[in-house]
Each structure stands twice: as structure tokens, then as C-alpha cells.
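This is what each chain is made of:
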Amino acid sequence: METTKQNNNIEDKIIDCIDSRISSLGYEVVAIETQKSHQRILRVFIDFIESNPSRAIGIEDCVKATRAIDEPLDDISEVQELFKGPYELEVSSPGLNRPLKKEKDFIRFQGERAKIHVYRSLSAEELNDDEYYNHHSKQKIFLGILEGFENKNIKLKIEKEKKQPEANLQIPLQLISKAYLDPIIDFSQKKKGSSI
């Protein structure tokens, strides 16, 4: 657990350094990933600072961000500590399953479906729902609609399913190990004018 916390602190420092370099270009770091086996890779996922539904991160945006951070990253001690040698930098869009990390992410994507993983099972008090807890006391993965953020808690609406009642839960941000958007993609819809 200590190693995980230490790695998270190192990654947070790297994110802060990168953010300071690309914020003037209108981008922010959504998350970073490191790969140390076979090939050493630092993956940086970026998005626009301001939400823009009509525009997604493209190749040109990734190239601009790469130019802004490539050389400065070599001077960041945390990067050297993480890789202990040469590495490859990859900058890309976060994609449909965009990671959610900051408070503002949970507010920005209110109304969207998300999957949230927690470090441990939550208490009835933490979930703010005794009935739900009684039937799901060991649950560590939650899938629902983001309803906002309040008092350091993510508000999540669990939709009614066969054996599961509808519920309005709260999940403490500090107990989230991983969270990301999980949109429903309907492949059955035909495009207009399509004869297929």
C-alpha cells in the first residue's frame, strides 16, 4: 500500500509539471500511465480545459502537447525516479472511457454513466443508504449515473435492474481507486440514409 501511495505522489507531481506546460495551450492532463516491462513508456492523456462537446482531442493537439513537454520532462527528477533510464513519451486522447480523477471531472460529466472502483467495501454511513448496504455490503465496483459532487463525495445514481433497486449513493473521493466514464454505445442504430 505504501508503494502505491508513493507512486501516486510521484505521478501527481509529474501531472502538475505537465499541466503547467500545456495549460497555456488550452489542455489539461487527465491521467498518466507508466509501462516499465519490455518497453518503458510514459503515456499522457490530455483533454481540453474547457468542455467542448463539438470538438475532441485530435492528432494536432497531441503533437502540440508533445512538443511542449518532451524536453522539459527529461529535467523532472520524478520522471527519472520512475523510469530509472530512457523511456518513450506518448500523448493521446483519453478516449470514450475517460478516467475521472479530480473533483471537477465528476461535476463536468454529471449525467454520464461511470464505473467507480473503491479500495475497500463501504459502510452504510459512507454510502448514505442503509437499504442498499444491506444487500451489497461487500461491493467494491459501482456502475451508475454521475449526479454531482458534494462534501468530498461523488453522488451516484444506481439504476434499477432485475435484482437491484434504484439507489442514490455517495462515494467518498478519497476511497476511490479508479473511476472512468462507461458510456452505453448503441451499435444497433443505423445511420440515416444507410441501407445496411
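The structure under discussion appears in the preceding block.
Procedures and definitions
Residues numbered from 1 in each chain as written. Predicted model: local features only at pLDDT ≥ 70, side-chain atom pairs only at ≥ 80, totals over all residues. Heavy atoms only, no water. Pairing = 2+ DSSP bridges. Helix = DSSP H or I, 4+ residues; strand = E, 2+ residues; numbered from the N terminus. Contact = heavy atoms within 4.5 Å. Axes fitted to C-alpha atoms, helices over the stretch in contact; angles between N-to-C directions. Salt bridge = Lys/Arg side-chain N within 4 Å of Asp/Glu carboxyl O. Buried < 20%, exposed > 50% of the residue type's maximum accessible area, 1.4 Å probe, protein only.

*Asks:* What is the right way to read the pairing of strand E5 (residues 141-150) from this model?
*Replies:* Both faces of the sheet carry side chains from a regular strand, because those side chains alternate between them. Relative to E5, strand E4 (residues 113-118) is paired through 5 bridges, and the arrangement is antiparallel. Its bridge partner lying in E5, His 117 is registered against Ile 141. Pairing between E5 and strand E6 (residues 153-158): 5 bridges, direction antiparallel. The partner of Ile 145 across the bridge, within E6, is Lys 157. Once E5 ends, the chain turns through 2 residues before running back antiparallel as E6, passing Asn 151 with a positive phi of about 50 degrees.

*Asks:* Any chance you could explain the side chain of Glu 11 here in plain terms?
*Replies:* Looking at where Glu 11 falls in the secondary structure, it is placed in helix H1 (residues 2-22). Once residues lying within four places of it in the same chain are set aside, the contact partners of Glu 11 are Ile 32 and Thr 34.

*Asks:* It is not clear to me how the sheet that holds E4 should be interpreted in this structure. Could you clarify?
*Replies:* To summarise the sheet geometry, strands pair through backbone hydrogen bonds and adopt either a parallel or an antiparallel arrangement. Pairing is antiparallel across the open sheet formed by 5 strands, whose spatial order is E7-E6-E5-E4-E8. Each edge of the sheet is formed by a strand with only one pairing partner; in this case those strands are strand E7 (167-172) and strand E8 (176-181). For this sheet, the mean inter-axis angle between neighbouring strands, taken without regard to orientation, is 45 degrees.

*Asks:* When you look at the pattern of salt bridges in this model, what are you seeing that I'm missing?
*Replies:* Opposite charge on two side chains permits them to pair, given that their charged atoms come into close proximity. For the structure on display, the rule yields 16 salt bridges. In this structure, Glu 28 engages Arg 98 in a salt bridge whose closest nitrogen and oxygen atoms are separated by 3.6 Å. Here Arg 98 lies in the loop between strand E3 (88-92) and helix H4 (103-108) and Glu 28 lies in strand E1 (residues 27-35), a separation of 70 residues in the sequence. Of the charged contacts, one joins Lys 155 and Glu 150 as a salt bridge, the two residues approaching to 3.7 Å between their closest N and O atoms. We classify Lys 155 as partly exposed; its relative accessible area is 32%. For Glu 150, a relative accessible area of 44% translates into the label partly exposed. Within the structure, one salt-bridge network assembled from shared partners comprises Asp 19, Glu 28, Asp 47, Arg 98, Lys 102, Lys 104, Asp 105 and Arg 108.

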